[in-house]
Amino acid sequence: MIETILGYFMGMLVGIVMGMFGGGGSLLLPAMLYLLHFDLKFATAYTTILVGVTALVGVVPRVRQKVIDFPTVIALGIPVATGNLIVRLWLFDVVPDQLFTIGTLVVSKKIFVLSIFASLIFLSSATLLGFIGKPVKQKTDLKAKKSFAYYTSLAAGGLLIGVVPGFTGAGGGVLIVPLLVIFFGLPMRTVVGTSLSIVAFKSFVGFFGGDLIRIGNEMDYQFLIQFSILMIAGVMIGSWWSQKFDGERLKRVFAWFLLALAAFIVIYECFLKTGQ
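A few points on the structure. The model shown is predicted, which means the values in this text are computed figures rather than measured ones.

Parameters and conventions
- Residues numbered from 1 in each chain as written.
- Predicted model: local features only at pLDDT ≥ 70, side-chain atom pairs only at ≥ 80, totals over all residues.
- Heavy atoms only, no water.
- Salt bridge = Lys/Arg side-chain N within 4 Å of Asp/Glu carboxyl O.
- Helix = DSSP H or I, 4+ residues; strand = E, 2+ residues; numbered from the N terminus.
- Buried < 20%, exposed > 50% of the residue type's maximum accessible area, 1.4 Å probe, protein only.
- Axes fitted to C-alpha atoms, helices over the stretch in contact; angles between N-to-C directions.
- Parallel < 35°, antiparallel > 145°, perpendicular 65-115°, else oblique.
- Left-handed = near helix turned anticlockwise from the far one by under 90°.
- Contact = heavy atoms within 4.5 Å.
- Nonpolar A, V, L, I, M, F, W, Y, C, P; charged D, E, K, R; others polar.
- Pairing = 2+ DSSP bridges.
- Core = buried A, V, L, I, M, F, W, Y, C linked by side-chain atoms within 4.5 Å.

**A word on the pattern of salt bridges**
Part 1 of the argument: Going through the model one piece at a time under the given rule, you end up with five salt bridges.
Part 2 of the argument: With its nearest N and O atoms 2.8 Å apart, the salt bridge here joins R214 to D211. One end of the pair, R214, and the other, D211, are both in helix 9 (residues 188-215), three residues apart, so they sit about a helical turn from each other.
Part 3 of the argument: The buried category is assigned to D211, whose relative accessible area is 0%.
Part 4 of the argument: One salt-bridge network, held together by shared partners, links R88, D93, D211 and R214.

**Concerning the packing of helix 8 (residues 173-182) against helix 9**
Part 1 of the argument: Where helix 8 meets helix 9, the axes come as close as 9 Å, and the angle between the chain directions of the two elements is 130°. Taken together, the axes of helix 8 and helix 9 are oblique relative to one another. Of the two possible hands of crossing, helix 8 and helix 9 adopt the one that is right-handed. Here G173, I176, V177, L180 and V181 of helix 8 lie close against helix 9, whose contacting residues are M188, V191, T194, S195, I198 and V199.
Part 2 of the argument: When its residues are assigned to classes, the contact of helix 8 with helix 9 shows eight nonpolar, three polar and no charged.

**Here's the deal with the pairing of strand 2 (residues 105-108)**
Within a regular strand, the side chains alternate between the two sheet faces.
Part 1 of the argument: Alignment of strand 1 (residues 98-102) against strand 2, held across four bridges, turns out to be antiparallel. Among the inter-strand pairings, Q98 is bridged to a residue of strand 2, identified as S108.
Part 2 of the argument: Hairpin connection between strand 1 and strand 2: a loop of two residues separates the two successive antiparallel strands, and G103 in this loop has a positive phi of roughly 65°.

**Comments concerning the nonpolar core**
Part 1 of the argument: Within the largest apolar cluster, 64 residues are counted, with the highest numbers of intra-cluster contacts made by M32, Y46, L50, L76, L180, F184 and F227.
Part 2 of the argument: With ten residues, helix 3 (residues 40-65) is the largest single contributor of residues to this core.
Part 3 of the argument: Leave out the neighbours within four places in its chain, and L76 touches L154, G158, I176, L179, L180, F184 and I198.

Right under this line is the structure:
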């Protein structure tokens, strides 16, 4: 009972985080697994659609503010959504439950997925803390020339961004933003809205084109509606708080929290759990 309450509280907290920072939806995965005790296939499917719904809520006000580059949403969103659909419809089930062993450690599908999750979290935290990303500059020449390198980078980068976070259900914003800056040369004021639009698009494609077909008959839709309402409320609260508090200080606190969470998951799954 307590874990269920904490799980729902975590849903609102993730909504608040997304409202404040424009990212953090991947935090839903550990809540689904460790607090609400969903099976991995449901945990990642629920994370996919809930991240998509919450991202869509964040897109609406930015449409009115005209800070979304829709041609880029289409150009990058298609390969991203394609990669995500490949995972949610087919590749997720192809990965075996047990991949290989290292000594006494059995590397399962769950450990594989959580390793991807932890890697994305470490990358996101390092970006928030300024360890990486500061030297990144806009390179508009690739887009302007419409060269072979541009289209190759677009297709490969989009598919990669769709496939890798697709295993966890995460939006992948931490990978989308650098691509928007480097290859599309977008000004930062349009990056967040454009990124959220791509996340929403690829999440809906992955869920309705993949998860709904695979396991739609087994899903708890009442839970999804209840959780969506909590997260949307959290987004609204987070958006309001972001205008009231010191964003840089909160960002650093959030980043260190992410690092601690990722470290805990790796240690628990790889060492503590295997020893039980």
